[in-house]
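Per-entry structural report
What follows is each chain in one-letter form.
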Amino acid sequence: MKIQLVHKFEEIISLDNLLLAWREFIVGKKSKPDVQAFALDLFGNILSLHKSLSNKIYRHGAYGSFYINDPKRRHIHKASVADRLLHHAVCRILYPFFDKIFISDSYSCRLNKGTHKAMDRFRQFAAIESKNHTHTCWVLKIDIRKFFASIDHKILLEILEGYIYDADMLWLLAQIIKSFNSEGQNRKGLPLGNLTSQLFANIYLNPFDQWIKHNLKVKFYIRYADDMVFLSADKQALIQILPEIRVFMLENLKLNLHPDKIILKTIASGVDFLGWVYFIDHLILRKSTRWRMFSRIKISPNSQTSQSYVGLLSHGNTYKLQRNLKNLFWIFN
């Protein structure tokens, strides 16, 4: 029997939780016009949101949308301040519970995880499976085609129902999930701009993660969002699990693997993962990551941005890049 979320709908919509969610939400957003407008009558707006939720007349609002190039062109959807505040309130209650049931090697949008931890884990797995790089280590890398746009609302809600028995909470989650449909797809997709989308994405792929670990019993597996790697000294073992993965994804989650992003190669030949290319004894920054880094420095040439990238570069063989980055920072200041 699955463990059950003990928290109730009333805890999410309580004034205390909404006020705590506001404190988290406004970090880095205090200068935004829509946030400032909401803050002018903060308690009145929060009370209004609370009452609409209590009376179950709340309806999630429409989204504004815009594109970013990072470097791939992405379509971002932005909800109203009230809706985004609610997203934070929901995640404050749901995240601690679901984080405990995720596998340890899922690294996206989780506290004390992230890309650096995933990179360290990749290197650790590679060293173990290659017996300290004295044997060949193979890596199967896969990616889901249009992942966020393909998440099926009905399947996501069914997964949530397996852990949540409070009907009112399920009603609220359905309001958020069904507030968005991917372009041309009814009852599918999560908006990239929602905080809840990050949590829902991990919940959606958790059945796959559990199946990989407990049914296929894959020992060396890492997932960051929809980027997944499997490491093994046995090339045939990786080849054999690929059709099973494809079938599970399609039949259970209605997801398709990206045909152009299925890669099987050795560590020695260089494996591209999370912005870095891994080799036996070193790793180098991916060209697109390097381009994005320098572009952001030109747009926002401040010491905080510069230092964050220097910290990123410290994880690989990047002495020249670090020097160029520091020089660029001084030029633009």
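Bear in mind the structure is a predicted one, so any value in this text is a computation, not a measurement.

Some remarks on helix 9 (residues 167–177)
Among the 11 residues that make up helix 9, 9 are buried, leaving the element largely enclosed by the rest of the structure. Regarding helix 9, the residues found buried are Met169, Leu170, Trp171, Leu172, Leu173, Ala174, Gln175, Ile176 and Ile177. In this structure, the buried side of helix 9 is in contact with helix 1 (9–13), helix 4 (42–54), helix 5 (81–101), helix 8 (153–161) and helix 10 (195–214). N-capping of helix 9 is provided by Asp166, with a side-chain oxygen placed 2.9 Å from the backbone N of Asp168.

Re the sheet that holds strand 4 (residues 221–224)
The strand order across the open sheet formed by 4 strands is 4-5-3-6, and the pairing between neighbours is antiparallel. The strands lining the two open edges of the sheet, one partner per strand, are strand 4 and strand 6 (263–266). When the angles between neighbouring strand axes are averaged without regard to direction, this sheet yields 20°. Bridging between strand 3 (residues 138–143) and strand 5 (residues 227–232) involves 6 bridges; their strand directions are antiparallel. Bridge pairing in strand 5 links Asp143 to Asp227. With respect to the sheet, helix 10 is in contact with strand 4 and strand 5, its orientation differing from that of strand 4 by roughly 175°.

Concerning the pattern of salt bridges
Taken as a whole and judged by the stated rule, the model has 10 salt bridges. Across the salt bridge formed by Arg92 and Glu24, the nearest N and O atoms sit 3.0 Å from each other. Of this pair, Arg92 sits in helix 5 while Glu24 sits in helix 2 (residues 15–25), and the two are 68 residues apart along the sequence. When its relative accessible area of 28% is taken as the criterion, Arg92 is described as partly exposed. Residue Arg121 is joined to Asp105 by a salt bridge in which the shortest nitrogen-to-oxygen separation is 2.8 Å. Of this pair, Arg121 sits in helix 6 (residues 114–129) while Asp105 sits in the loop between helix 5 and helix 6, and the two are 16 residues apart along the sequence. Through salt bridges with shared partners, one network takes in Asp34, Lys78 and Arg84.

Focus on the packing of helix 2 against helix 5
Relative to each other, helix 2 and helix 5 sit at 105°, their axes nearing to 8 Å. Taken as axis vectors, helix 2 and helix 5 run roughly perpendicular relative to one another. Residues Asn17, Leu18, Leu20, Ala21, Trp22, Glu24 and Phe25 of helix 2 touch helix 5, and the partners they reach there are Val81, Arg84, Leu85, His88, Ala89, Arg92 and Ile93. A breakdown of the residues in the contact of helix 2 with helix 5 according to their chemical character gives 9 nonpolar, 2 polar and 3 charged.

Overview of the sheet that holds strand 9 (residues 283–285)
Taken together, 3 strands build an open sheet; the order of strands is 7-8-9 and the sheet is antiparallel. Both outer strands of the open sheet, strand 7 (271–273) and strand 9, are each paired with one neighbouring strand and no more. On average, adjacent strands in this sheet sit at an angle of 30° to one another, irrespective of strand direction. Relative to strand 9, strand 8 (residues 276–278) runs antiparallel, the two sharing 3 bridges. Looking at the pairing, Val277 lines up with Ile284 of strand 9.

A few points about the nonpolar core
Where a protein is soluble and globular, its nonpolar side chains tend to be buried together. Judged by nonpolar contacts, the single largest core of 74 residues is most densely connected at Leu94, Phe98, Leu160, Phe208 and Phe230. Of all the elements, helix 5 adds the most residues to this core, at 12 residues. Excluding residues that lie within four positions of it along the chain, Phe208 makes contacts with Tyr221, Met228, Phe230, Ile245, Phe248, Met249 and Leu253. Ranked by size, the runner-up nonpolar core spans 20 residues in total, among them Met119, Phe220, Val229 and Tyr278.

Here we look at the side chain of Asp226
On the secondary structure map, Asp226 appears in the loop between strand 4 and strand 5. Under the relative-accessibility criterion, Asp226 is labelled buried at 15%. For Asp226, the contacting residues outside a window of four places in its chain are Ile142, Asp143, Ile144 and Phe147.

Procedures and definitions
Residues numbered from 1 in each chain as written. Predicted model: local features only at pLDDT ≥ 70, side-chain atom pairs only at ≥ 80, totals over all residues. Heavy atoms only, no water. Buried < 20%, exposed > 50% of the residue type's maximum accessible area, 1.4 Å probe, protein only. Helix = DSSP H or I, 4+ residues; strand = E, 2+ residues; numbered from the N terminus. Contact = heavy atoms within 4.5 Å. Polar contact = N/O pair within 3.5 Å; in protein donor to acceptor, adjacent residues only side chain to side chain. Pairing = 2+ DSSP bridges. Axes fitted to C-alpha atoms, helices over the stretch in contact; angles between N-to-C directions. Salt bridge = Lys/Arg side-chain N within 4 Å of Asp/Glu carboxyl O. Parallel < 35°, antiparallel > 145°, perpendicular 65-115°, else oblique. Nonpolar A, V, L, I, M, F, W, Y, C, P; charged D, E, K, R; others polar. Core = buried A, V, L, I, M, F, W, Y, C linked by side-chain atoms within 4.5 Å.

Spatial relationships are all this shows, so hold off on functional conclusions.
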